[in-house]
Amino acid sequence: MSIQIGICDDRSEEIRILSEALYTYDPSFKISTYTSGRSLLDDLDESAIVFDLLFLDIYMPGINGIETAAKIRGKMKDVMIIFVSSSNEHYPEAYDVFAFNYIMKPVNREKLNAVLDQALMSITKERREQFSFTYKSVTSRVYCRDILYLESSDKIVLFHMQNKTTLKCYGKLDELLKKLPEGFFIRCHQSFAVNLFHISEMGDSHFRVDSVSISISKKYLKNAKDQYFDHLFQHMSRGTK
């Protein structure tokens, strides 16, 4: 999966220099560029793009980089924001919006490559536990650990999340489970799969997840129980080390 990168800087020459450095590091990067915070925010509202990395200039007319980052955090909590600035006076504000790093202009290639090395290691690790999907032109990316259970309903799969929200995507549950990372979910019913890490109780024919009781059908009973006890055993074994 390609790395999606956004660059926002009011100076086109700065965008060109940074883009060239990024493509030199990895030609497969997918880069979108913006010359103002407003154009970036408008694009996020109108499109389904999800950035992995976002390079923001701080000094821009209209909405500056710090203000842009604060608004983006409400839309994309997981994006890694890297500020690129001619001044270091905004370090404290950068950390208020959970910036991943802060690079001084002119951009030093060695410094940039070191930041990219660190960022891509984090992204690779996180992607193993993430899942992206699109519903009605809106793309969502979720951490598997934040999903309580999955429910299939009329060609739509519902993601019941730990924060009490429900997300949707088109598809069949069995096809979706093949795309999810292994070791998270147990298929326990034609219409349900539960997250192993959120099961608080297993009865003769149900799992309890949060405050919800999810049925275990006869078809899936043996396999579901085997998976659950294997998970408990592994978890207890790690805890004794």
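For the structure itself, consult the block above.
Note on numbering: residues in each chain are counted from 1, in written sequence order. Since the coordinates come from a predicted model, pLDDT governs what is reported: local features require at least 70, and pairs of side-chain atoms require 80 or more to be given and counted, while whole-chain, interface and lining totals use all residues. Hydrogens and waters are ignored; side-chain quantities use all the structure's heavy atoms.

**Q** With reference to specific residues and values, describe the packing of aromatic side chains.
**A** A pair of Phe, Tyr and Trp rings is counted when the ring centres sit within 6.5 Å of each other, with Trp represented by its six-membered ring. The angle between the planes then sorts it: under 30 degrees is stacked, over 60 is edge-to-face, the rest tilted. What the rule picks out here adds up to 12 aromatic pairs. Plain terms: the ring middles of Tyr25 and Phe29 are 5.9 Å apart, the flat faces sit at 10° to each other, and that makes the pair stacked. Per-residue accessibility, obtained with a 1.4 Å probe over protein chains only, is compared with the maximum for each type, and a residue is labelled buried under 20%, exposed over 50%, and partly exposed between these values. Residue class for Tyr25 comes out partly exposed when judged on its relative accessible area of 27%. Pairing Tyr228 with Phe229 gives two aromatic rings, centres 5.8 Å apart and planes at 55°, and the pair type is tilted. Here Tyr228 falls in the buried class, since its relative accessible area comes to 9%. Classification of Phe229 as partly exposed rests on a relative accessible area of 46%. The structure contains a cluster of three or more aromatic residues connected by ring pairs, namely Phe131, Phe133 and Phe159. Look at NZ for Lys and CZ for Arg. If either is within 6 Å of the ring centre and within 35 degrees of the ring normal, a charge sits over the ring. Over the ring of Tyr143 we find Arg145; its NZ or CZ atom is 4.3 Å from the centre of that ring.

**Q** Kindly report on the nonpolar core, identifying the contributing residues and their values.
**A** As used here, the term nonpolar core means buried Ala, Val, Leu, Ile, Met, Phe, Trp, Tyr and Cys residues forming a set that is joined through side-chain atoms within 4.5 Å. Membership of the largest hydrophobic core comes to 23 residues, with the highest contact counts inside it found for Leu40, Phe51, Leu56, Ile72 and Phe83. Ranked by size, the runner-up nonpolar core spans 21 residues in total, among them Ile15, Phe29, Ala119 and Leu120.

**Q** Let's hear about helix 3 (residues 65-73): which residues, and what values?
**A** Secondary structure is summarised from DSSP: a helix means a run of H or I of at least four residues, a strand means a run of E of at least two, and numbering begins at the N terminus for each. When helix 3 is considered as a whole, its buried residues turn out to be Gly65, Ile66, Thr68, Ala69, Ile72 and Arg73. Down the axis of helix 3, the sector holding all buried residues measures 160°, keeping them to one side. Contact definition: two residues touch when any of their heavy atoms are within 4.5 Å. Residues of helix 3 that are buried in the fold lie against helix 2 (37-46), strand 3 (53-57), strand 4 (80-85) and helix 4 (91-96). Measuring from the backbone nitrogen of Ile66 back to the side-chain oxygen at the start of helix 3 gives 3.1 Å, which picks out Asn64 as the cap. Directions are taken from the helix axis to each C-beta atom, and the arc is the one they span. Polar contact criterion, stated in full: a pair of N or O atoms within 3.5 Å, where within protein one must be able to donate a hydrogen and the other to accept it, and residues adjacent in sequence count only if both atoms are side-chain atoms.

**Q** Please provide a residue-by-residue account of unusual backbone geometry, values included.
**A** Following Lys105, the chain continues to Pro106 via a peptide bond in cis, the omega torsion being -10°. Mapped onto the fold, Pro106 is located in the loop between strand 5 (101-104) and helix 5 (109-127). Look at Phe98: it is not a glycine, yet its phi comes out positive at around 60°. Relative to the helices and strands, Phe98 resides in the loop between helix 4 and strand 5. The phi angle at Lys155 is positive, at roughly 65°, despite the residue not being glycine. Exposure remark for Lys155: the relative accessible area of 67% places this residue in the exposed category.

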